[in-house]
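Chain by chain, the residues:
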Amino acid sequence: MAQKTVSVSVRRLVEFILRTGDIDTVSGTFAEMDAMQQGGRMHRKLQKEAGPSYKAEVTLKHTTVIDEVLTITVEGRTDGVITESEMAADEMGVLSMREVVTIDEIKGTYRDLRHITEPVSVHLAQAMCYAYFYAVQEDLPDIQIQMTYVNLESGKIKRFMEKKDREELEVWYTELIDKFAVWARWKLAWDEKRTTSIGECRFPFEYRDSQRKLISGIYQTIVRHRRLFVEAPTGTGKTIAAIYPSVKAMGNGLAERIFYLTAKTIARTVAEDTFSLLQDRGLDMKVITLTAKDKICIFDEAACSPELCPRAKGHYDRVNEALFDLITHEDRLTRECLTEYAAKHNVCPFEFQLDAALLADAVICDYNYVFDPDVALKRFFSDRSGDYLFLVDEAHNLVDRAREMYSAVLMLESFEKIMVKIRGADRKLTGHLERCIRSMRTIRDESEAACELLNNIGSLVVCLTKLTEVLEEELKSEMHPDMRDMLMDMYFDVRRFVNTFDRSDDRYLIYALRAEGSFNIKIFCVDPSKDLGERLSQGCGTVFFSATLLPVQYYKEMLSDTAEKDYDLYVDSPFDQNNRLLVAAGDVSSRYSRRGPKEYEKMAAYIRDIIRGKHGNYLVFFPSYQLMKDVFDVFTEMELVKAGHGLHIVMQESEMGEDARQAFLREFQSDPQKSVIGFCVMGGIFSEGIDLKEDRLIGAIIVGTGLPQVGYERELLSRYFNDKCGQGFEYAYLYPGMNKVLQAGGRVIRTEKDRGVIALLDERFNYQQYRKIFPREWQDCSRTSLTMIADQVEDFWTEQS
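Residues numbered from 1 in each chain as written. Predicted model: local features only at pLDDT ≥ 70, side-chain atom pairs only at ≥ 80, totals over all residues. Heavy atoms only, no water.

Participant: Describe the side chain of S687, with residues and values.
Facilitator: Looking at where S687 falls in the secondary structure, it is placed in the loop between β22 (675–681) and β23 (699–703). One polar contact links the side chain of S687 to the main-chain amide nitrogen of G683, over a distance of 2.9 Å. Those residues in contact with S687, other than ones at most four positions away along the chain, are F621, V681, M682, Q743, A744 and R747. (Helix = DSSP H or I, 4+ residues; strand = E, 2+ residues; numbered from the N terminus. Polar contact = N/O pair within 3.5 Å; in protein donor to acceptor, adjacent residues only side chain to side chain. Contact = heavy atoms within 4.5 Å.)

Listed below in structure tokens is the structure:
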């Protein structure tokens, strides 16, 4: 084999090889990673103040030839190299001036420096690597190491200094690099095997014209390191059409890892199945699916401390052995596989899967593992960019999810309840909490409206910042588990709020919301494009795809900070439009001003006349649970229903667990003995992501335009975008609402064999403002009325027979 080089950063090397001990999220160290990310400004301040002998941000690299096959290059950037002169005596006792070199490694922290009595081992290891590299580079017999800890709140500094001989550092570093070489050899062999298999990988189906167009567009986007927005109707095979060219790009050296991002479990399952399809045909790739902590934890409630969890005790002593066992035996790193290996090695399954992701070629996960500032995988995104491909499935869901991820809220009542429980327990903590409460009460008392924009909450943020520091120290002490959980929740809520405030700019609104018995302050991310764009810029290409990404310019502006440069692609539906009847009623409305018995009777009559046309399964979608219940009550009183006539009605409940959801879907079987009518809510669990093919579903009746309910936050969105681009109603109401309609309508025609009816029951669907958002395959939508619908449905089914 030819000589191959594996490169790794200093930080990743030491954190991976030298980690030991327990998982402990309650010891106070949980804030350290956040602190390291926030400390850049303090680093620069200390470096600037250090004087002319201090050279800041020095890049260092060291290459080790392990054998004839493997070379390892380790590189990084030390915070500072200090070169000073001192008087020293040689072996003969003669005094002379000599240079003394010190490697300075700066670490920011929120911890009280009095509690740091020695350098953290992995921090010191980083500095020792830099010291060895510099000593070799400059041929120094010895070198000093200085660990500088700075409190990010107070600016106070604590330093630790020690001197190291070059020979001592060389022995230590050689042992470190030999341990890493085991992993590097595996990585080289695996990459070669993977690349060979990708070269031999072929598309598993006969190409449809739409798929060929989509695959070509995605591959060219990756080649050009751009972002692509794809509107691909149901049935175009967009999952395989997104994954296949991404895999090929990886084989051609254009990417090192694929992130397949989803919003729902069903989409993750489809992605898993698609990768498995390629693996069954010879593709060698390690594909991992990440599972939320509460679902993969061995306890009902996560308790991440060595005192409470046997897996947390000594986790880092065992985890590397567990990882090596996993990656040398498994390629399909599913939840079941990961939990099995975690149990075998007695490690935390959640942390284990996050480490395993570093060794995977493709990561299937929820949006938040990439975009959420509190949850994102710091292993990938904290200190570097990479050749990552981001495939964002069902991308229409990301707008609201991103707003949620980048926003933060504090509730005055929560603080007050905690104050009652801790009063008298700790004077320092109660004092700082009381200051926060007073500050929030002052804002409340000065607010005149129920919902009011706030111009300045700086004094509150100062109080909250001090509170986080006190909470961190308090959480190190012994306390009742219930008290710890309460204070931990408060800590994370406050830290999120402070970090969100620091990040906020003119794309954010800060508002106070007063209701009976409650008062909240929210930092609301109105336009998440910049925040999302910062993360996307850490990759080498992004594909947003969905069956409902219209109008595409809206989604470009909401999801990307390079909208004017981004590509977009519309893929035509592969199905014959004659396979479905699409009608829009002109004599019924779901407007609030029109709601009442008369409209409910019309809606029920439409449902009756449509289902009379053909025995089978139907879904009826409503914009709210209340309207669904009102029409349900009218419909079930109709003679057709009361007399039975082979009907079975099921209704979505507001909170349905996984078992209840599956039971609901099992009602929709092929060739049913009775027609099944499912009453559902638009935008809910049954309006997207479900796949009822062929005669498991032959009709979708969509009541209303799906516009979000008018509320304070929606009105803030409307005003913001009205001022920005004159499209407040469209951005706040119309586009989100119509997306729900299009998703619901997409449940009917899933394959070439599907036949069905899509009925839009609201006169507004005939307005140009709404029709211009229809996809191309809906341009043949015809008008209907109660006097026409029965005949139209009968004629359609007659033509299909």
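Participant: Run through the packing of helix α10 (residues 315–327) against helix α12 (residues 349–357), naming residues and quoting values.
Facilitator: Where α10 contacts α12, the two axes come as close as 10 Å, and the packing angle between them is 50 degrees. The angle between α10 and α12 falls in the class oblique. For the crossing formed where α10 meets α12, the hand is right-handed. Here H315, Y316, V319, A322, L323 and L326 of α10 come into contact with α12, specifically with E351, F352, D355 and A356. Residue composition of the contact of α10 with α12, grouped by class: seven nonpolar, one polar and two charged. (Axes fitted to C-alpha atoms, helices over the stretch in contact; angles between N-to-C directions. Parallel < 35°, antiparallel > 145°, perpendicular 65-115°, else oblique. Left-handed = near helix turned anticlockwise from the far one by under 90°. Nonpolar A, V, L, I, M, F, W, Y, C, P; charged D, E, K, R; others polar.)

Participant: Any chance you could break down helix α7 (residues 238–251) for me, citing the residues and the numbers?
Facilitator: Given 3.6 residues per turn, any residue in an α-helix points the same way as the ones three and four places further on. Helix length check: α7 (14 residues) gives 20 Å between terminal C-alpha atoms against 20 Å at 1.5 Å per residue, within 8%. Trailing α7 by a residue or two, G253 shows a phi angle of about 80 degrees, which is positive. (Expected span 1.5 Å × (residues − 1).)

Participant: Could you give me a rundown of the sheet that holds strand β13 (residues 408–411), with the residues and numbers involved?
Facilitator: Reading across from one edge, β13-β16-β15-β14 is the order of the four strands in this open sheet, with antiparallel pairing throughout. Sheet topology places β13 and β14 (451–453) at the edges, where each strand pairs with a single neighbour. Recorded for the sheet is a direction-independent mean angle of 20 degrees between the axes of neighbouring strands. Sheet topology note: the strand β15 (residues 508–515)/strand β16 (residues 518–525) ladder contains eight bridges and is antiparallel. Bridge pairing links Y508 to C525 in β16. Each of β13, β15 and β16 is contacted by helix α19 (residues 481–503), which is oriented at about 130 degrees to β13, the strand it contacts most. (Pairing = 2+ DSSP bridges.)

Participant: Go over the confidence of the model for the protein, please, and point to the residues and values.
Facilitator: Averaged over the protein, the pLDDT score is 91; the fraction of residues at 70 or greater is 96%. Predicted confidence for residues 26–34 stays below pLDDT 50, and this span has 30 contacts to residues more than four positions away or in other chains. (pLDDT = per-residue confidence, 0-100.)

Participant: Residue-level account of the packing of aromatic side chains, with values.
Facilitator: Summed over the entire model, instances satisfying the criterion amount to 38 aromatic pairs. Both rings, one in F203 and one in Y244, keep their centres 5.3 Å apart while their planes meet at 75 degrees; by these two values the pair is edge-to-face. Here F203 is found in the loop between α5 (166–200) and α6 (209–223), whereas its partner Y244 is found in helix α7, with 41 residues between them in sequence. A single burial state applies to F203 and to Y244, both of which are buried. Lying over the aromatic face of W190, K286 brings its terminal NZ or CZ to 4.1 Å of the ring centre. It is K614 that lies over the ring of W797; its NZ or CZ is 5.2 Å from the centre. (Phe/Tyr/Trp six-rings, centres within 6.5 Å; stacked < 30°, edge-to-face > 60°. Buried < 20%, exposed > 50% of the residue type's maximum accessible area, 1.4 Å probe, protein only. Lys NZ or Arg CZ within 6 Å of the ring centre and 35° of its normal.)

Participant: Account for the packing of α7 against helix α8 (residues 265–280), with residues named and values stated.
Facilitator: Where α7 meets α8, the axes come as close as 10 Å, and the angle between the chain directions of the two elements is 50 degrees. Judged on the interaxial angle alone, α8 and α7 are oblique. For α7 against α8, the interelement crossing comes out right-handed. Facing α7, whose interface residues are T239, I240, I243, Y244 and V247, α8 presents V270, A271, T274, F275 and L278. Of the residues in the contact of α7 with α8, the class split is eight nonpolar, two polar and no charged.

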